[in-house]
Amino acid sequence: MTDDVRILVLGVAVLAAGGALGWIARTYLWRRGLRRKQTFFGLPGNSESLLVLSRDAGGDGAVHRHDVLALLELAALIKDCGAHTRIVQHDAARQGFGERTEFCLGGPSVNRRMAAHLNSLLPGVRINTQTEPGPDRGSFAIGTERYRVDPGVAEYVLLARLTAGQEARPVFLFCGQRAITNQAASRYLARHHEKLARKYGGGPLCLLLKVVNSQAYGPDVVELVADVTRAAREPAPVERTSHRAKD
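Procedures and definitions
Residues numbered from 1 in each chain as written. Predicted model: local features only at pLDDT ≥ 70, side-chain atom pairs only at ≥ 80, totals over all residues. Heavy atoms only, no water. Helix = DSSP H or I, 4+ residues; strand = E, 2+ residues; numbered from the N terminus. Buried < 20%, exposed > 50% of the residue type's maximum accessible area, 1.4 Å probe, protein only. Contact = heavy atoms within 4.5 Å. Areas by Shrake-Rupley, 256 points an atom, 1.4 Å probe, with all protein chains shown as cover. Expected span 1.5 Å × (residues − 1). Arc of directions from axis to C-beta. pLDDT = per-residue confidence, 0-100. Pairing = 2+ DSSP bridges. Axes fitted to C-alpha atoms, helices over the stretch in contact; angles between N-to-C directions. 1 Å grid on protein atoms, 1.4 Å probe; cavity = no way out; pocket = protein on both sides within 12 Å on 5 of 7 lines; lining within 4 Å. Points joined across faces, edges and corners; volume = space filled by probe spheres on them. Polar contact = N/O pair within 3.5 Å; in protein donor to acceptor, adjacent residues only side chain to side chain.

Each helix and strand counted, the chain has six helices and 10 strands in total. A total of 247 residues make up the chain; the buried ones form 42% of that total. Of the contacts formed within the chain by residues at least 6 apart in sequence, a portion of 66% connects residues at least 24 apart. With the model as given, the accessible surface of the chain reaches about 13200 Å², and the carbon-plus-sulfur share is 54%.

Following this line, the structure appears as structure tokens:
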């Protein structure tokens, strides 16, 4: 074997070894990322999750189209984890929580299960569900602050990840002042779940998000207003008479 052939063979071997090591490294990083994602969502491979939808309060009982779009966002996350989902209406989900990961969408006025979750898991959150027109209709009160809805301009949504115990699967809540905010929160979760997993790990989280100018931008422009995890999980204090002004 000549020196030129020997050098050529050695070069091919080095390239092949480098490619194999690169593939192994990429596979390792992908699997590690997948495990972190599965842990954060409580969705090991082939597990089952529950997706609880509300009904369109202004329609004939059908699911609001923005909740359907939110469903598509969440279904992609669930599929990436190698898990399965079962979709149920809020008034048909008569079971406890913690055995399987749950994604619950909609405010308490249109989603009975959301109302139950807020009462048991987020006692510091008070939502005005009155049907009569007024400045506080649909507003959120968290701690001593109140957040009013300005339709199409500034709308708020709670994004929460909560558990009933250390070994329990999480419950994800998407509780918005309007249906479009539920979709905005699901999209926010899809985009930022890695950052949230690094910050909160397996612990509880409750974020207050603001959807900005949805009449022009839809669910795409979302601002993080505050981490309200502590205030939302503590019993509600006596509310002050002064209210937070519209942002």
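Another point: helix α2 (residues 65-80). Compared with an ideal rise of 1.5 Å per residue, which puts 16 residues at 22 Å, α2 spans 23 Å between its outermost C-alpha atoms and is within 8% of the ideal. Along α2, the positions that sit buried rather than exposed are H66, D67, A70, L71, E73, L74, L77 and I78. Summarising the axial view, the buried residues of α2 lie within an arc of 165 degrees, below the 170-degree limit, and thus occupy one face. Exposed side chains of α2 directed beyond 90 degrees from the buried face belong to R65, L72 and K79. Looking one or two places after α2, you find G82, whose phi comes out positive at around 75 degrees.

When pLDDT drops low, the exact placement of atoms in the prediction is not to be read closely. With 79% of its residues at a pLDDT of 70 or more, the chain has an overall mean of 83. Least confident of the elements in the chain is helix α1 (residues 3-41), whose mean pLDDT is 66; most confident is strand β9 (residues 205-212), at 97.

Moving on, we get to the sheet that holds strand β6 (residues 145-147). Here we have three strands laid out as an open sheet, ordered β4-β5-β6, and antiparallel in their pairing. Strand pairing shows two members of the sheet lacking a second neighbour, β4 (125-127) and β6, which therefore form its edges. When the angles between neighbouring strand axes are averaged without regard to direction, this sheet yields 20 degrees. Two elements, β4 and strand β5 (residues 140-142), share three bridges in a ladder whose sense is antiparallel. Paired with R126 across the two strands is A141, which belongs to β5.

What follows concerns the sheet that holds strand β8 (residues 171-176). Strand order in the open sheet formed by seven strands is β2-β1-β3-β8-β7-β9-β10, with mixed pairing between adjacent strands. Of all the strands in the sheet, just β2 (84-89) and β10 (222-227) have a single pairing partner and so form its edges. The sheet shows a mean angle of 20 degrees between the axes of neighbouring strands, taken without regard to direction. Of the pairings in the sheet, the one linking strand β1 (residues 48-53) to strand β3 (residues 102-105) comprises three bridges and is parallel in character. Paired with L50 across the bridge in β3 is E102. Where helix α4 (residues 179-200) meets the sheet, it contacts β3, β7 (154-162), β8, β9 and β10, and its direction lies at approximately 45 degrees from that of β7.

The computed volume of the largest pocket comes to approximately 700 Å³. Contributions of two or more residues to the lining of the largest pocket are made by α2 and α4.

Its location among the elements puts Q177 in the loop between β8 and α4. Look at Q177 and you get buried, because its relative accessible area is 15%. Within the structure, Q177 has its side chain in polar contact with the backbone oxygen of Y147 (distance 3.0 Å). Contacts of Q177, omitting those with residues within four sequence positions, involve G138, S139, F140, Y147, R148, V149, E155 and Y156.

Attention now goes to the pairing of β7. Most of β7 is tucked away: nine of the nine residues are buried. Here β7 shows no split at all, with A154, Y156, L158, A160 and L162 on one side and E155, V157, L159 and R161 on the other all buried. Pairing of β7 with β9 involves eight bridges; the strand directions are antiparallel. From the neighbouring strand, R161 faces β9, where its bridge partner is L205. Taken together, the six bridges between β7 and β8 define a ladder with antiparallel strand orientation. Note on β8: the bridge partner recorded for V157 is G176.

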